[in-house]
Amino acid sequence: HETRTHHPSTTHHPPHLIMTSSLTNVVTLTRHILEHDKHTEQERRNLTILFSQIQLACKVTSNAVRRAGIEKNFGYAGYTNVQGEEVKKLDMVANSAFCTALSKSKQVCVMASEEEDEAIVVEGDDQGQYIVCFDPLDGSSNIDANVSIGSIFAVFKLEPGKTPSQADCLRRGSDMVAAGYALYGSSTMLVVSTGHGVQGFTLDNSLGEFVLTHANITIPKRGKIYSINEGNSHKWDAAVTSYVDLVKGKTGRKAYSLRYIGSMVADVHRTLLYGGIFMYPADSSAKNGKLRYLPLFRSSHVLFSFLLSLLLLSTLLFSSLLFYFLLFSSLLFSS
């Protein structure tokens, strides 16, 4: 009789088993938070519940964006927000989705939305311990043109023993416990950080879950793209003009390519993946820029600091060159 020796090291799994594993062993956003060993068990539970509601709001918004043309939800709603900007119909839908989902999570005590005149304090049994600041739909001017738009949010935790109030929204960036944005484009993505790296999750419509597709995102050290509204070039100061000339190759260095979408989430998402620079500088017609609030986040992880600094923008437009922010970040974060 022939004796056959089994060698485990040379055993190959059948192709169908490998395929089955890739389809069933997916890392969802919920699983990612639950398995995160940097948080306590209670923190993981609370963040899981909170992010399940944020995911719900993003799914509702994504669906509304995709059906906007069919359901005639393009165009203006007929009034302006607290920033004096015309409100689109989809702004209202997204704002309602986020406010409803967050207020019913039992994890939130205060919400601040760009579409609301004042912060909303959650009362009664639904009151939780987190403060969430958000723009429910960034890039409204691009909605009718079917250009990528997104949602943006930042999460703080209520200080122990404190009664929730609107003042809790005015916190330092270093107080954030989580932040992220959703991108509604060729696919729907959630890019999230809870303080330990940046992760990207793509909505799998067949599962109804956000699945990890971009693990540990880090911005390339050098990119090839610059992103700015060149239509305002005649209003720029000398420093901005000089820097843009530099990246355009006018001084002899290799030129960057210009890419400008006009939706901050889309422009920043491309910059995070491909590198380069996105900027919305102050100019002669807006000498203080259009930024209402830019927090600084203390972190040894430069990308995390950069990302979170962008995420808590009430209007999501820059008032100074992002280049200068990155150049002096080490000084600012140490102060």
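Before any of the text, the structure's been laid out above.
Quick summary incoming for the structure in this document.

Definitions and limits used
- Residues numbered from 1 in each chain as written.
- Predicted model: local features only at pLDDT ≥ 70, side-chain atom pairs only at ≥ 80, totals over all residues.
- Heavy atoms only, no water.
- Helix = DSSP H or I, 4+ residues; strand = E, 2+ residues; numbered from the N terminus.
- Buried < 20%, exposed > 50% of the residue type's maximum accessible area, 1.4 Å probe, protein only.
- Contact = heavy atoms within 4.5 Å.
- Areas by Shrake-Rupley, 256 points an atom, 1.4 Å probe, with all protein chains shown as cover.
- Core = buried A, V, L, I, M, F, W, Y, C linked by side-chain atoms within 4.5 Å.
- Polar contact = N/O pair within 3.5 Å; in protein donor to acceptor, adjacent residues only side chain to side chain.
- Arc of directions from axis to C-beta.
- Pairing = 2+ DSSP bridges.
- Axes fitted to C-alpha atoms, helices over the stretch in contact; angles between N-to-C directions.
- Parallel < 35°, antiparallel > 145°, perpendicular 65-115°, else oblique.
- Left-handed = near helix turned anticlockwise from the far one by under 90°.
- Nonpolar A, V, L, I, M, F, W, Y, C, P; charged D, E, K, R; others polar.

Moving on: the overall build of the chain. When you go through the chain residue by residue, the secondary structure sums to nine helices and 13 strands. The buried share among the 335 residues of the chain stands at 46%. Long-range contacts, defined as pairs at least 24 residues apart, comprise 57% of the intrachain contacts of the chain with a sequence gap of at least 6. With an accessible surface of roughly 17,100 Å², the chain has 53% of that area assigned to carbon and sulfur atoms.

Grouped together as the largest cluster of nonpolar side chains are 36 residues, with contacts concentrated most on Leu-50, Phe-51, Leu-102 and Phe-153. Considering each element in turn, this core owes the most residues, eight residues, to helix α3 (residues 41-66). Judged by nonpolar contacts, the second largest core, of 13 residues, contains Tyr-181, Met-264, Leu-272 and Phe-278.

The next point concerns the environment of Tyr-181. For Tyr-181, the location among the structural elements is in strand β7 (residues 176-184). Given a relative accessible area of 2%, Tyr-181 falls into the buried group. Along the chain, Tyr-181 and Ile-152 lie 29 residues apart, while their C-alpha atoms are 4.2 Å from each other. A distance of 2.8 Å separates polar atoms of two side chains, one belonging to Tyr-181 and the other to His-269.

Within helix α5 (residues 238-247), the full set of buried residues consists of Val-240, Tyr-243, Val-244 and Val-247. On an axial view of α5, the arc spanned by its buried residues comes to 100 degrees, and they lie on one face. Two or three places before Ala-239, at the start of α5, stands the capping residue Asp-237, its side-chain oxygen 3.3 Å from that residue's backbone nitrogen.

Pairing in this open sheet of three strands is parallel, and the strands run β12-β11-β13 from one edge to the other. Each edge of the open sheet is held by one strand with a lone partner, namely β12 (257-258) and β13 (277-278). Alignment of strand β11 (residues 225-227) against β13, held across two bridges, turns out to be parallel. Following the sheet pairing, Tyr-226 is matched in β13 by Ile-277.

Mapped onto the elements, Asp-168 comes out in the loop between β6 (149-157) and β7. Within the structure, Asp-168 has its side chain in polar contact with the backbone nitrogen of Ser-165 (distance 2.8 Å). If near-sequence neighbours (up to four positions away) are discounted, Asp-168 is found in contact with Val-110, Ile-131, Leu-158, Lys-162 and Thr-163.

Take the pairing of β7 next. Strand residues, when the strand is regular, have side chains that alternate between the two faces of the sheet. Within β7, eight of the nine residues are buried, leaving the element largely enclosed by the surrounding structure. With eight bridges joining them, β6 and β7 adopt antiparallel strand pairing. Of the residues in β7, the one forming a bridge with Gly-150 is Leu-183. Sheet analysis places β7 next to strand β8 (residues 188-193), joined by six bridges and oriented antiparallel. Bridge pairing in β8 places Ala-179 opposite Ser-193. Hairpin connection from β7 to β8: three residues lie between these consecutive antiparallel strands.

This part covers the sheet that holds β8. If you trace the eight strands from one edge of the open sheet to the other, you get β4-β3-β5-β6-β7-β8-β9-β10, paired in mixed fashion. Two strands bound the open sheet, and with one partner strand each, they are β4 (120-121) and β10 (209-214). Of the strand pairs in this sheet, strand β3 (residues 108-113) and strand β5 (residues 130-138) are connected by five bridges, and their pairing is parallel. Its bridge partner lying in β5, Ser-113 is registered against Phe-134. Against the sheet, helix α6 (residues 264-274) makes contact with β5, β6, β7, β8 and β10, and its axis sits at roughly 105 degrees relative to β7, the strand it touches most.

Below, the discussion takes up the side chain of His-269. Examined against the element boundaries, His-269 turns out to sit in helix α6. Here His-269 falls in the buried class, since its relative accessible area comes to 9%. Beyond its immediate stretch of four places on either side in the chain, His-269 contacts Tyr-181, Leu-183, Met-189 and Val-191.

Turning to unusual backbone geometry, a few remarks are in order. Even without being a glycine, Lys-106 presents a positive backbone phi close to 65 degrees. Looking at the element boundaries, Lys-106 is found in the loop between α4 (89-103) and β3. Phi angles above zero are rare outside glycine, and Asn-146 is one such case at about 60 degrees. Examined against the element boundaries, Asn-146 turns out to sit in the loop between β5 and β6.

Here the focus is the pairing of β6. Taking burial as the measure, the nine residues of β6 include eight buried ones, the bulk of the element. Both β5 and β6 contribute to a ladder of seven bridges, which runs antiparallel. When the sheet's bridge partners are listed, Asp-135 is paired in β6 with Ile-152.

A few words now on the packing of α3 against α4. Viewed as axis vectors pointing N to C, α3 and α4 meet at an angle of 160 degrees, and their least axial separation amounts to 8 Å. Overall, the two elements α3 and α4 adopt an arrangement that is roughly antiparallel. For the pair α3 and α4, the crossing hand works out as right-handed. Residue-level inspection shows Leu-50, Gln-53, Ile-54, Ala-57, Cys-58, Val-60, Thr-61, Ala-64 and Val-65 of α3 in contact with α4, the latter providing Leu-90, Val-93, Ala-94, Ala-97, Phe-98, Ala-101 and Leu-102. Its residues placed into classes, the contact of α3 with α4 shows 14 nonpolar, two polar and no charged.

Interpretation note: all reported values are geometric properties and have no functional meaning in isolation.
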